[in-house]
Amino acid sequence: MSASRRSGTTDELGPDEPERAGPVGPDGSDLLAALLDGMDAALCAFDADGVVTHWNREAERILGWTAAEAVGRHGFAGWAVREADAEEVEQRLMSAMQAPGRQVHEFALLTKDGGRVLVRTQSAAVRGPDGKPAGVYCAFSEVHTQIDLERSIALSEALFEDASWGVVLVDADLRPAVVNAHAARALGSGRTSALGRPLGELLAQGVEELESAFTHVLAEGAPPAPAEIWVSVRTSEGEQRRCWRCGFVRLASPLAEEPVPLGVGWLFQDVTEGKQGEQEAALLRFRSNQLHRAARAAAECEDPREAATVHLDFALAGFADHALIDRVAGGAVADAALEGPVRLVRVAATPSGGPGPSLLTGKAGLPVRYGQGHPALQCVERAGSVRASVGAVGGEQAREWAVARQWPADVVHALCAVLRSRGRTLGVVTFLRGSGRSQFERVDAVYAEDVAVRIAAALDLAGVLDAG
């Protein structure tokens, strides 16, 4: 069905376009009709007398009137507009012939079945070869459709300007195509400098997880729930570890007949502080439960030394890889009596070859060969906790560091807590971690001190029983 009026005269449509020497393709009017029918917007045109000259398929879809029924009518009166509104509507539309640029109006049109549709129109003059107004073209759409479009555009602009979370459009090559201000700050870059760069240049860690998520979204669609991903961001102060709660949506072109992925919309929010708070609370609950369980188990031990190893075994879970208990040679000493070099005797130790319960040792009473400045000796001298780490060295140097301190060869972090009971120093408990764990923090020292209090009480009781 042709959307243009077939006649011997040439319909002028399009401002300031010269007449072509001949038709384009099989027939110039056929090509024009095809172009009009392919438009997403409804379009009609009037000549200088207000007669409808063009009517495309989108106009037919909205109002129900076919091109054959619409073309040739004078204005909208009596069929597409109520009689009472016809004069005003016609004046507003035809006034575009004398006005510069486009004019925007809203009014109600009638559908073929008698319904009413509120439309928003954009009208402009159509000029002939001589430059004089030859008619008016009018593009229109349902107001709610236009409002939906405007809302979508407004939402897009707001997300990329004022959103309080990061928004990034990632193209099909998994590179940022658009970045909002919040995301640029989170990535430690500018909004334009991040565009087109691989994520590996923006993030030190977490790139694999993000790219895997993007690939999944492109192939399968958006996940049903947000994902929490830990990343490391490069900053001027070094790498910072952050937790981002991420949402993903697949972007497809609305113009293609079949959905064609344009990329992924990635929205994220920094939840590092909340996540760390959750982890710390969970860790605190676990360690409190371990202390409680250890106390109940130790209460059933007849030998106080065995009770000390029970406390040690329960403390190791999720905390350290190895542990040692050393007592001061010659028995507990008061602070005033700590003069001269301190010697320590091994009381208990976890198996160095594999997992298992702690073993009581040191029956011979031979001192451990700790060198001067050893963390365990410092712990006794200070009567406080001491932390030590090998630092950034090679594997062989790390092994030498551990062996020189009489620890298993795989140790890279140590934490020594003093054993105190009744105002006296009994010895030291040492917790050791391998390379697969992070170094001990202050919160770890607090937990080690809680365990040390219980171990010291058990060892003190053992000394009292031996003396009796």
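Overview of the structure. (Residues numbered from 1 in each chain as written. Predicted model: local features only at pLDDT ≥ 70, side-chain atom pairs only at ≥ 80, totals over all residues. Heavy atoms only, no water.)

## Comments concerning the overall build of the protein
Piece 1. Looking only at helices and strands, the protein features 12 helices and 18 strands.
Piece 2. Out of the 468 residues belonging to the protein, those deemed buried represent 40%.
Piece 3. Restricting to contacts in the protein with at least 6 residues of sequence separation, those with at least 24 account for 53%.
Piece 4. With the model as given, the accessible surface of the protein reaches about 25,000 Å², and the carbon-plus-sulfur share is 52%. (Helix = DSSP H or I, 4+ residues; strand = E, 2+ residues; numbered from the N terminus. Buried < 20%, exposed > 50% of the residue type's maximum accessible area, 1.4 Å probe, protein only. Contact = heavy atoms within 4.5 Å. Areas by Shrake-Rupley, 256 points an atom, 1.4 Å probe, with all protein chains shown as cover.)

## A few points about the environment of Glu-280
Piece 1. Structurally, Glu-280 is set in helix α8 (residues 272-298).
Piece 2. A C-alpha to C-alpha distance of 9.3 Å links Glu-280 and Val-443, two positions 163 residues apart in sequence.

## Section: the sheet that holds strand β9 (residues 227-235)
Piece 1. With antiparallel pairing, six strands are arranged side by side in an open sheet as β7-β6-β11-β10-β9-β8. Only two strands of the sheet have a single partner each, and these edge strands are β7 (176-179) and β8 (203-205). The mean angle between the axes of side-by-side strands here comes to 40°, regardless of whether they run parallel or antiparallel.
Piece 2. In this structure, strand β6 (residues 166-171) lies alongside strand β11 (residues 261-270), joined through six bridges in antiparallel fashion. Bridge pairing links Val-170 to Val-264 in β11.
Piece 3. In the packing of helix α7 (residues 207-220) onto the sheet, contacts are made with β6, β8, β9, β10 (238-252) and β11, and the angle to β10 comes to roughly 5°.
Piece 4. Each of β9, β10 and β11 touches α8; the most contacted strand, β9, lies at about 115° to it. (Pairing = 2+ DSSP bridges. Axes fitted to C-alpha atoms, helices over the stretch in contact; angles between N-to-C directions.)

## Structural notes on the pairing of strand β16 (residues 386-389)
Piece 1. Across the two faces of β16 the burial differs, with Val-386 and Ala-388 buried and Arg-387 and Ser-389 not buried at all.
Piece 2. Of the pairings in the sheet, the one linking β16 to strand β17 (residues 411-421) comprises four bridges and is antiparallel in character. Among the inter-strand pairings, Arg-387 is bridged to a residue of β17, identified as Leu-415.

## Looking at the pairing of strand β3 (residues 103-110)
Side-chain positions along a regular strand alternate between the two faces of the sheet.
Piece 1. Pairing of β3 with strand β4 (residues 116-127) involves eight bridges; the strand directions are antiparallel. Among the inter-strand pairings, Phe-107 is bridged to a residue of β4, identified as Val-119.
Piece 2. Hairpin geometry of β3 and β4 is characterised by an intervening segment of five residues between the two adjacent antiparallel strands and by a positive phi of about 95° at Gly-114.

## Thoughts on the environment of Trp-230
Piece 1. Positionally, Trp-230 belongs in strand β9.
Piece 2. As a C-alpha pair, Trp-230 and Leu-210 span 20 residues in sequence and 9.6 Å in three-dimensional space.
Piece 3. Excluding residues that lie within four positions of it along the chain, Trp-230 makes contacts with Gln-205, Gly-206, Arg-241, Arg-242, Cys-243, Thr-272, Lys-275, Gln-276 and Gln-279.

## What to know about unusual backbone geometry
Piece 1. Even without a glycine there, the phi angle at Ala-383 is positive, about 60°.
Piece 2. Within the secondary structure, Ala-383 sits in the loop between α10 (375-382) and β16.
Piece 3. Positioned with a positive phi, Arg-422 is a non-glycine residue whose angle comes to about 55°.
Piece 4. With respect to the helices and strands, the residue Arg-422 is situated in the loop between β17 and β18 (424-434).
Piece 5. Judged by relative accessible area, which is 60%, Arg-422 ranks as exposed.

## Notes on the packing of helix α9 (residues 304-316) against helix α12 (residues 442-467)
Piece 1. Two numbers describe how α9 lies on α12: the axes approach to 8 Å, and their chain directions differ by 170°. Regarding the angle of α9 to α12, the classification is roughly antiparallel. Where α9 abuts α12, its residues Pro-304, Arg-305, Ala-307, Ala-308, His-311, Leu-312, Phe-314 and Ala-315 lie against Tyr-447, Val-451, Arg-454, Ile-455, Ala-458, Leu-459, Leu-461, Ala-462, Leu-465 and Asp-466.
Piece 2. Split by residue class, the contact of α9 with α12 holds 14 nonpolar, one polar and three charged. (Parallel < 35°, antiparallel > 145°, perpendicular 65-115°, else oblique. Nonpolar A, V, L, I, M, F, W, Y, C, P; charged D, E, K, R; others polar.)

## A closer look at the nonpolar core
Piece 1. Of all hydrophobic cores here, the largest spans 31 residues; its most connected members are Phe-319, Ile-325, Leu-419, Val-429, Phe-431, Ile-455 and Leu-459.
Piece 2. Breaking this core down by element, the ones donating at least two residues are α8, α9, β12 (322-328), β14 (344-349), β17, β18 and α12.
Piece 3. The dominant element in this core, judged by the number of residues it contributes, is α12, at nine residues.
Piece 4. One finds Ala-42, Ala-59, Trp-79 and Ala-86 within the second-largest nonpolar core, a separate group that totals 29 residues. (Core = buried A, V, L, I, M, F, W, Y, C linked by side-chain atoms within 4.5 Å.)

## Topic: the packing of aromatic side chains
Piece 1. Summed over all chains, the structure comprises 15 aromatic pairs.
Piece 2. Members of the aromatic cluster, each reached through a chain of ring pairs, are Phe-46, Trp-55, Trp-65, Phe-76, Trp-79 and Phe-140.
Piece 3. Taking the ring centre of Phe-319 as reference, the NZ or CZ of Arg-433 above it sits at 5.4 Å.
Piece 4. The aromatic ring of Phe-440 is capped on one face by Arg-433, whose charged end is 4.0 Å from the ring centroid. (Phe/Tyr/Trp six-rings, centres within 6.5 Å; stacked < 30°, edge-to-face > 60°. Lys NZ or Arg CZ within 6 Å of the ring centre and 35° of its normal.)

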